[in-house]
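Fold and geometry: a report
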Amino acid sequence: MVGPKAKRLAALHLIEKHEVSERRASKVLGLPRSTKRYKSHPRDEEALVKRIKELANRHRRFGLPRLHYLLKREGLVRSKDRTERVYRKLGLQLSKRRRKKMISVTRVPFEKAKRPHEIWSFDFVSDRTESNRRLRCLTIVDDCTKKTPGIFASYSITSKDLISYFESLSSLPSKLRCDNGPEMTSREFLDWAHRRKIEIEYIQPGKPIQNAFIESFNSRFRDECLNEELFFDLEDASKKIERWRRYYNEKRPHSSIGNKTPAEYEKDFSK
């Protein structure tokens, strides 16, 4: 089907080359004369283009949905179509990072968190410093609010380090969900949890998908922080990871909680 733009060009050709009147050309082409006379008035999108470039550069792993949300929050756009048009024109589409496929498994129907600080999931993520020393990170996420109470980075983490870090936090949950690693199943950790009246819920061995909230968080943590930063030593890594953690809690919108930040969702939940 021929669109209005093509018909306007055809009408202009008839008028200029064959000396046909505008009325006649419009009638032959089935083109309303008002459409023939229409002149586009392109928007000044300099501010939008500049801002979307700044956001895409700052949040290098944010795709169209999150960039649109940030722009809409700032009042620069209303329609997602406009954001998408500029986004594609600038060639900002992300290339997907391939990951190894996991075997399909049946999830164990664990209890879902109904309030903040009810269930925390935690795990370990590994990386390396520029001096090629192994860096280990303890990651924690609140299953209800998606807020991360803390991320602990060290060259190695024992069960004693695990206990010490949990004790340093301002609050503790009713339940901790984790895998069957040696730190989580040690007698010291279990004794500590018993004294603190914290229930430990273990997922099945070899099935990390059963701990979906922390797996999802770890994916974002690796994609947006570990893969984007260079760590020169432990102190440098701790500072950069803590900066990202604060950003994740206070600035980063989360689609599963209505595009609110975890801090906003926790605050609204307590009202």
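Scroll up to find the structure this text is about.
Every chain begins its residue count from 1, and numbering advances along the sequence as written. For a predicted model such as this one, the threshold for reporting local features is a pLDDT of at least 70, and the threshold for listing and counting side-chain atom pairs is 80 or more; totals across whole chains, interfaces and linings nevertheless cover every residue. Hydrogens and waters are ignored; side-chain quantities use all the structure's heavy atoms.

**Digging into the overall build of the protein**
- Working definition: helices are DSSP H or I runs of at least four residues, strands are E runs of at least two. Numbering for both runs from the N terminus. Scanning the protein from N- to C-terminus turns up 11 helices and 5 strands.
- Sorting the 271 residues of the protein into buried and exposed places 38% on the buried side.
- Contacts between residues were defined by any pair of non-hydrogen atoms, one from each residue, lying within 4.5 Å. Relative to all contacts within the protein whose residues are 6 or more apart in sequence, the contacts with residues 24 or more apart total 56%. Only protein chains enter the calculation, and the probe is 1.4 Å; a residue is then buried if its accessible area is under 20% of its type maximum, exposed if over 50%, and partly exposed in between.

**Digging into the packing of helix H7 (residues 159–168) against helix H8 (residues 187–195)**
- Put simply, H7 and H8 touch, their axes get as near as 8 Å, and they point 25° apart. As judged from the angle between their axes, H7 and H8 are roughly parallel. Seen along the crossing, H7 lies across H8 with a hand that is right-handed. Contacts between H7 and H8 involve Ser 159, Lys 160, Leu 162, Ile 163, Phe 166 and Glu 167 from the first element and Glu 188, Phe 189 and Trp 192 from the second. In this analysis, axes come from line fits to C-alpha atoms, helices being fitted only over the stretch in contact, and the angle between any two N-to-C directions falls in the range 0 to 180 degrees. Convention used here: angles under 35 degrees read as roughly parallel, angles over 145 as roughly antiparallel, angles from 65 to 115 as roughly perpendicular, and any remaining angle as oblique. Handedness of each helix crossing follows the sense of rotation of the near helix against the far helix: counterclockwise by less than a right angle gives left-handed, clockwise gives right-handed.

**Considering helix H5 (residues 64–73)**
- Within H5, burial applies to Leu 64, Leu 67, His 68, Leu 70 and Leu 71. For H5, the arc enclosing every buried residue in end-on projection is 165°, short of the 170-degree limit, so these residues lie on one face.
- Buried positions along H5 lie against helix H4 (46–58) and helix H6 (80–89).
- At the C-terminal side of H5, Gly 75 shows a positive phi close to 80°. Arc definition: directions from the helix axis to the C-beta atoms.

**Looking at the environment of Glu 235**
- Mapped onto the fold, Glu 235 is located in helix H10 (residues 234–250).
- What makes Glu 235 exposed here is its relative accessible area of 53%.
- Considering only alpha carbons, one finds Glu 235 and Ala 153, 82 residues apart in sequence, at a separation of 9.1 Å.

**Some thoughts on the packing of aromatic side chains**
- When the centres of two rings from Phe, Tyr and Trp lie within 6.5 Å, Trp using its six-membered ring, the rings pair. Their planes under 30 degrees apart give stacked, over 60 give edge-to-face, and anything left gives tilted. Enumeration according to the criterion identifies 12 aromatic pairs in this entry.
- Through successive ring pairs, a cluster of aromatic residues spans Phe 122, Phe 166, Phe 189 and Trp 192.
- Positioned above the aromatic ring of Tyr 155, the side-chain terminus of Arg 133 is 3.7 Å from the ring centre.
- Each ring is checked for a lysine NZ or an arginine CZ that lies within 6 Å of its centre and within 35 degrees of its normal; such an atom marks a charge sitting over the ring. A cation over an aromatic ring shows up here: Arg 136 above the ring of Phe 124, its NZ or CZ 4.0 Å from the ring centre.

**Things to note about H10**
- Relative to the 24 Å expected for 17 residues at 1.5 Å per residue, H10 spans 24 Å between its end C-alpha atoms, a close match to the ideal helical length.
- Listing the buried residues of H10 in full gives Asp 236, Ala 237, Lys 240, Ile 241, Trp 244, Arg 245, Tyr 247, Tyr 248 and Asn 249.
- Looking at the buried residues of H10, the elements they touch are strand S2 (134–142), strand S3 (151–154), helix H9 (212–226) and helix H11 (262–269).
- The distance from a side-chain oxygen at the start of H10 to the backbone nitrogen of Glu 235 is 3.3 Å, and the residue carrying that oxygen is Asp 233. The span one expects for a helix is its residue count, reduced by one, times 1.5 Å. Each polar contact in these results corresponds to two N or O atoms within 3.5 Å; when the atoms are within protein, one needs to be able to donate a hydrogen and the other to accept it, and residues that are neighboring in sequence are counted only if both atoms are side-chain atoms.

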